[in-house]
Amino acid sequence: MARINSSVELEKARQNILSRRGPNQASVSVCAGTGCLASGASQVIDAFTAEIEKQGLTMAVSTKGTGCPGFCERGPVVVIYPEEICYLQVSPEDVPEIVSKTLKEKKVVDRLLYVDAVTGEKAARESDIPFYKHQVRNLIGNNIKIDPKSIDDYLALGGYSALAKVLSRMLPEQVLEEITKSNLRGRGGGGFPTGRKWAESRNAPGDPKYVIVNADEGDPGAFMDRALLEGNPHSVLEGLIIGAYTIGSHEGYIYVRQEYPLAVENVTIAIRQAEERALLGKNILGSGFDFTIKVHKGAGAFVCGESSALMTALEGRAGEPRPKYIHTAVKGVWDKPSVLNNVETWANVPLIINLGAERFAKYGTERSKGTKIFSLVGKITNTGLVEVPMGITLRDIIFKVGGGIPGGKRFKAVQTGGPSGGCLPEELLDLEVGFDELTRAGSMMGSGGMIVMDEDTCMVDVARYFLEFLTDESCGKCVPCREGIRQMLKTLTNITRGKGKDGDIELLEQLAEVAGEAALCALGRSAPNPFLSTLKYFRTEYEAHIKEKRCPALSCKDLIAFYIDPEKCQACMACVRKCPAEAISGGKNRRHVIDQEKCTKCGTCLQVCPPRFRAVKKISGEPVPPPVSEEARTIVRKSKET
Amino acid sequence: MSELLLTIDGKEVKASEGMTILQSAQRAGIPIPTLCHHEKLEPYGACRICIVELESQGWTKLVVSCLYPVEKNLVVKTRSEKVDRIRRTILELQLAHAPESLPLQALAKEYGADRDRFEKEPSFCILCGLCVRHCTEVKKKNAIAFVDRGTRREISFIPEIASRECWKCKECFSLCPTSYLQAAYFLTKGLAFPSSSSEPASEE
């Protein structure tokens, strides 16, 4: 692999790659992100390679496994270039037809296209699909065009041109000014201004200085950083090298959780390829600037996403937060100035250099600029990864991009910011998404988890769930977090089990104050947020659980009961046969009755009761009506009377 | 080290740069409660009982005094309604584990903490880490360590090291604010190295 020794040579190398490929060459991109691989993408890739060879197209068509474009709900995703035809949920059996029809005859295979659920219209091109149409995909848009294991794919799209610009034409001060002017804020959770963090490190005494990528993504349901690092690792490396040049660092680390094997693999390959091309190592692009990157695998602790815990772990010790009344930017790893930014923050850096701060800041609210990637999960039609401009409303993300709530259910709340964030109710759907906007509403941006909940979700149980997660993930060092969360979880569990009592809400509020004010690190201080935000917006649900022993969402098992309305039951035997606990008695022409003692509240009877009868009821907060007498259970059919 | 002036509980206090609020308060004879602090050990900041309030231009901020470095013209309040409330809850949380601990009982009396506020889960240890840190930082033996994390965190002797080192040291015993440490040691000894050859018989 030839070393690239200047920005001129970089452009030459790019032209060289492009000329080998030809502008109109047909190619097949199959998403090889974790989601699509789980739904069989590697078999699809193999099928394409074999079929293309079989039909004699090997010279004319190239196939590649790419990064994740985000539409995980409909994976495996396949895009055919140059027409950009997008096929969804492709299986190996579909491949011969795609090759003969689309690649050979240039016709579209209709049945694999996106179909709009409401209008029934089909969309052939990726950009016509509503899920993509309302996004601004500056960061993940290239994922489907790139084989993450090929530096050539990244170079072909203009990769490393921002680095070349910085090293050949900009002083570190100028880069810093540009980043500061762009108002880029940390995408990992805190939203700290990136320019200010870099300036602090740059001006801090101490040598060496370090730059670090925080890829210890651990929020339940979040996979933004994973998709970036797996799908476009060079964009993160390029940002990191630019950051290193700016603050005067020559050593960088990527702290990535070992639970992300594909991210570890792809970024390790990317580093090696960048080194071979002189984009990393000694004398980068002939500029005289030296910089190396090491990959450090995390050992599976959520708390290591916290900056001081991450740095302690990087030093080879147990990952526990340490007191930081002095910023880690000034005193970080081995007490040296260390800039730690999240994966997505680093990936924004080349973009800002290429676009310029003004064009980057075109999108956004007053104090939150650019785009943000969210992983949209939960009760949502289009589960996946979405990149939207800051300032978009929650309503647009959930209904326009996400396609709304499936199953005709009603929206109830959206949880943003992971375990440290909060739940926002329907009244706030028109809230503009930005760091300060979300914080003011009692939640936070966090790293971009977005969990949508429908009417069947119990908000007390949601708070309990997150606190349970945090009791496992707290490092256990400080008392307000370790003991405070333990007691909060106990109280919340009691409430969801119908053992709540007067004073529980006040007790929870006091424990929340102690953790919020006195815990050692941000994880502990934000741990009460799931409770505080659900209390703020759904207080009546807490009160119903405590005072009436009623779960309004009919979700908490200890507070609900299933009951068969004898007026409606037609003794069809469906529930009797399916009940796994054998808790339903009755027979043909005998009305069915649930034995409440035996019932495990699995809800199977409710599911299988034919819609024309709707005899099974889920109730809460009221006594189960006594079973009808044995005599009244017999159904006398009209047909038999005559 | 240059000297600077700060105010603690309305009293002007002299301190040298690099000191913590706790150190300067102690030097001035102003009491601040601590559970995990020890002058010979690195500041740890785990029990949070030494929390104090800083005042600056009309707003207040809570910090732990064992870690926060003194600054010129800092205004510190070691007691306030909020500080007392937090200390009280911290004590109540700890008393659920070690209701018989004398230092905890003394502080509970001062702050009006209710010993029975939380359901008892007697683990006897309050995880202050004095033993672990003394062994690591002062003795440099690492015979005792924390294991697991979160609510499952506990201290544990490392039998291979403890059987070699502990019988002649036992310095950590006197640091423990509860009786757990000694119990843990004798349990480990009973189970893991009952007849250690390196230990003189007279010790028994």
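Please read these numbers as outputs of a predicted model, since none were measured by experiment.

What follows covers the overall build of chain B. A tally of helices and strands in chain B yields 6 helices and 7 strands. The linear arrangement of helices and strands in chain B, starting from the amino end, is β-β-α-β-β-β-α-α-α-β-β-α-α. Counting only C-alpha atoms, chain B reaches 65 × 45 × 30 Å along its principal axes. A burial count over chain B gives 38% of its 204 residues as buried. Put simply, 55% of the contacts in chain B that link residues at least 6 apart link residues at least 24 apart.

What chain A contains, in helices and strands, is 25 helices and 19 strands. Relative to its length of 642 residues, chain A is compact, with a C-alpha radius of gyration of 28 Å against a globular reference of 26 Å. Each principal axis of the C-alpha distribution contributes one length, and for chain A these read about 95 × 65 × 40 Å. A sequence separation of at least 24 residues applies to 71% of the contacts in chain A between residues at least 6 apart.

Below, the discussion takes up the interface of chain A and chain B. With 23 residues of chain A at the contact, the number on the chain B side is 21 residues. When contributions to the side of chain A that touches chain B are tallied by element, the ones reaching two or more residues are helix 18 (459-473), helix 19 (479-496) and helix 20 (504-518) of chain A. Take the side of chain A that touches chain B: its biggest share by element is 7 residues, from helix 19 of chain A.

Attention now goes to the nonpolar core. All names here are of chain A. Grouped together as the largest cluster of nonpolar side chains are 240 residues, with contacts concentrated most on Leu-163 and Ile-241. If near-sequence neighbours (up to four positions away) are discounted, Ile-241 is found in contact with Leu-163, Leu-280, Ile-284 and Phe-291. Membership of the second largest hydrophobic core comes to 17 residues, among which are Ile-564, Ala-574, Ala-615 and Val-616.

Attention now moves to the environment of Lys400(A). All names here are of chain A. Turning to its location among the elements, Lys-400 is positioned in helix 16 (residues 394-401). Here Lys-400 falls in the partly exposed class, since 17 other C-beta atoms lie within 10 Å of it. For Lys-400 and Pro-528, which are 128 residues apart along the polypeptide, the C-alpha to C-alpha distance reads 31 Å. When sequence neighbours within four positions are dropped, the list of residues in contact with Lys-400 reads Pro-130 and His-134.

Per-residue confidence for chain B gives a mean pLDDT of 88; residues scoring 70 or more make up 95%. Interface confidence in the predicted complex, given as ipTM, is 0.92; pTM for the same model is 0.91.

Attention now moves to the domain arrangement of chain A. For chain A, the domain assignment lists domain 1 (24-129), domain 2 (159-360), domain 3 (371-454), domain 4 (459-547) and domain 5 (559-641). A C-alpha centroid distance of 48 Å is found between domain 1 of chain A and domain 5 of chain A.

A separate point is the sheet that holds strand 9 (residues 292-298) of chain A. Residue and element names in this part refer to chain A. Across the sheet, which stays open at both edges, the 4 strands sit in the order 9-8-7-10 with parallel pairing between neighbours. Both outer strands of the open sheet, strand 9 and strand 10 (338-342), are each paired with one neighbouring strand and no more. For this sheet, the mean inter-axis angle between neighbouring strands, taken without regard to orientation, is 20 degrees. On top of the sheet, helix 11 (residues 233-247) reaches strand 7 (210-215), strand 8 (251-257), strand 9 and strand 10; it is set at about 150 degrees to strand 7, its chief contact. Against the sheet, helix 12 (residues 261-276) makes contact with strand 7, strand 8 and strand 9, and its axis sits at roughly 170 degrees relative to strand 9, the strand it touches most.

Moving on, we get to the sheet that holds strand 1 (residues 26-31) of chain A. Sheet strands line up and pair through hydrogen bonds in the backbone, either parallel or antiparallel. Residue and element names in this part refer to chain A. The 4 strands lie next to each other as 2-1-3-4, forming an open sheet whose pairing is mixed. Strand pairing shows two members of the sheet lacking a second neighbour, strand 2 (61-66) and strand 4 (85-87), which therefore form its edges. Averaged over all adjacent pairs, the angle separating strand axes in this sheet is 20 degrees, with direction ignored. Bridge count between strand 1 and strand 3 (residues 78-81): 4 bridges; the pairing is antiparallel. Counted as the bridge partner of Ser-27 is Tyr-81 from strand 3. This element, helix 3 (residues 41-54), spans strand 1, strand 2 and strand 3 of the sheet and lies at about 170 degrees to strand 2.

Turning to the environment of Phe469(A), a few remarks are in order. All names here are of chain A. Inspection of the secondary structure puts Phe-469 in helix 18. In this structure Phe-469 comes out as buried when scored by C-beta crowding, with 20 C-beta atoms within 10 Å. Sequence separation between Phe-469 and Pro-419 is 50 residues; the distance between their C-alpha atoms is 7.8 Å. For Phe-469, the contacting residues outside a window of four places in its chain are Pro-220 and Pro-419.

Among the secondary structure elements, Leu157(A) is positioned in the loop between helix 6 (151-156) and helix 7 (161-169). It is 18 Å that separates the C-alpha atoms of Leu157(A) and Val267(A), two residues lying 110 residues apart in sequence.

All names here are of chain B. Here the domain parsing of chain B yields domain 1 (3-111) and domain 2 (130-203). Put simply, the middle of domain 1 and the middle of domain 2, counted by C-alpha atoms, are 29 Å apart. Split by residue class, the side of domain 1 that touches domain 2 holds 7 nonpolar, 2 polar and 2 charged.

Our next topic: unusual backbone geometry. Residue and element names in this part refer to chain A. Here Gly-75 and Pro-76 are connected by a cis peptide whose omega angle stands at -5 degrees. Looking at the element boundaries, Pro-76 is found in the loop between strand 2 and strand 3. Of note in the backbone geometry, Asn-183 takes a positive phi value of approximately 65 degrees without being a glycine. Among the structural elements, Asn-183 can be located in the loop between helix 8 (172-182) and helix 9 (194-203).

What follows concerns the pairing of strand 9 of chain A. Residues and elements named next belong to chain A. Of the strand pairs in this sheet, strand 8 and strand 9 are connected by 7 bridges, and their pairing is parallel. Pairing of Ile-254 across the sheet is with Val-295, part of strand 9. With helix 12 bridging strand 8 and its parallel neighbour strand 9, the resulting β-α-β unit is right-handed.

All names here are of chain A. Over its 18 residues, helix 19 extends 25 Å from the first C-alpha to the last, a length consistent with the 26 Å expected when each residue adds 1.5 Å. Judged by how many residues are buried, helix 19 sits mostly within the fold: 15 of 18 residues are covered. Gly-498 sits one or two residues past helix 19 and shows a positive phi near 85 degrees.

Next up on the list: helix 18 of chain A. All names here are of chain A. With 15 residues, helix 18 extends 21 Å from end C-alpha to end C-alpha; this agrees with the ideal 21 Å at 1.5 Å per step. Most of helix 18 is tucked away, with 12 of its 15 residues classed as buried. Taken as a whole, helix 18 has its buried residues at Met-459, Val-460, Asp-461, Val-462, Ala-463, Arg-464, Phe-466, Leu-467, Phe-469, Leu-470, Thr-471 and Glu-473. Tucked into the core, helix 18 has its buried residues touching strand 13 (411-416), strand 14 (422-425), strand 15 (449-454), helix 19 and helix 22 (529-547).

Packing of helix 20 of chain A against helix 2 (residues 81-95) of chain B brings their axes to within 10 Å, and their N-to-C directions diverge by 105 degrees. As summarised for this structure, helix 20 of chain A and helix 2 of chain B are arranged roughly perpendicular, according to the angle between their axes. Listed contacts from helix 2 of chain B to Gln510(A), Leu511(A), Val514(A), Glu517(A) and Ala518(A) of helix 20 of chain A are Ile86(B), Thr89(B) and Ile90(B). Grouping the constituent residues of the contact of helix 20 of chain A with helix 2 of chain B by class yields 5 nonpolar, 2 polar and 1 charged.

Okay, the confidence of the model for chain A next. The predicted model of chain A has a mean per-residue pLDDT of 93, with 99% of residues at 70 or higher. Highest mean pLDDT in chain A belongs to helix 11 of chain A (97); lowest belongs to helix 25 (residues 638-641) of chain A (56).

So, on to the packing of helix 9 of chain A against helix 11 of chain A. Residues and elements named next belong to chain A. Where helix 9 meets helix 11, the axes come as close as 9 Å, and the angle between the chain directions of the two elements is 45 degrees. Classified by the angle their axes make, helix 9 and helix 11 are oblique. Between helix 9 and helix 11, the residues in contact are Trp-198, Ser-201 and Arg-202 and Gly-243, Thr-246 and Ile-247, respectively. When the residues that make up the contact of helix 9 with helix 11 are grouped by side-chain class, the tally is 2 nonpolar, 3 polar and 1 charged.

Calculation rules
Residues numbered from 1 in each chain as written. Chains lettered and ligands numbered in written order. Predicted model: local features only at pLDDT ≥ 70, side-chain atom pairs only at ≥ 80, totals over all residues. Helix = DSSP H or I, 4+ residues; strand = E, 2+ residues; numbered from the N terminus. Buried ≥ 20, exposed ≤ 12 C-beta atoms within 10 Å, placed from the backbone. Contact = placed C-beta atoms within 7 Å. Rg over C-alpha atoms; globule rule 2.2 N^0.38 Å. Core = buried A, V, L, I, M, F, W, Y, C linked by C-beta atoms within 7 Å. pLDDT = per-residue confidence, 0-100. Domains from an automatic or database assignment. Pairing = 2+ DSSP bridges. Axes fitted to C-alpha atoms, helices over the stretch in contact; angles between N-to-C directions. Nonpolar A, V, L, I, M, F, W, Y, C, P; charged D, E, K, R; others polar. Right-handed = clockwise from strand over helix to strand, strands pointing away. Expected span 1.5 Å × (residues − 1). Parallel < 35°, antiparallel > 145°, perpendicular 65-115°, else oblique.

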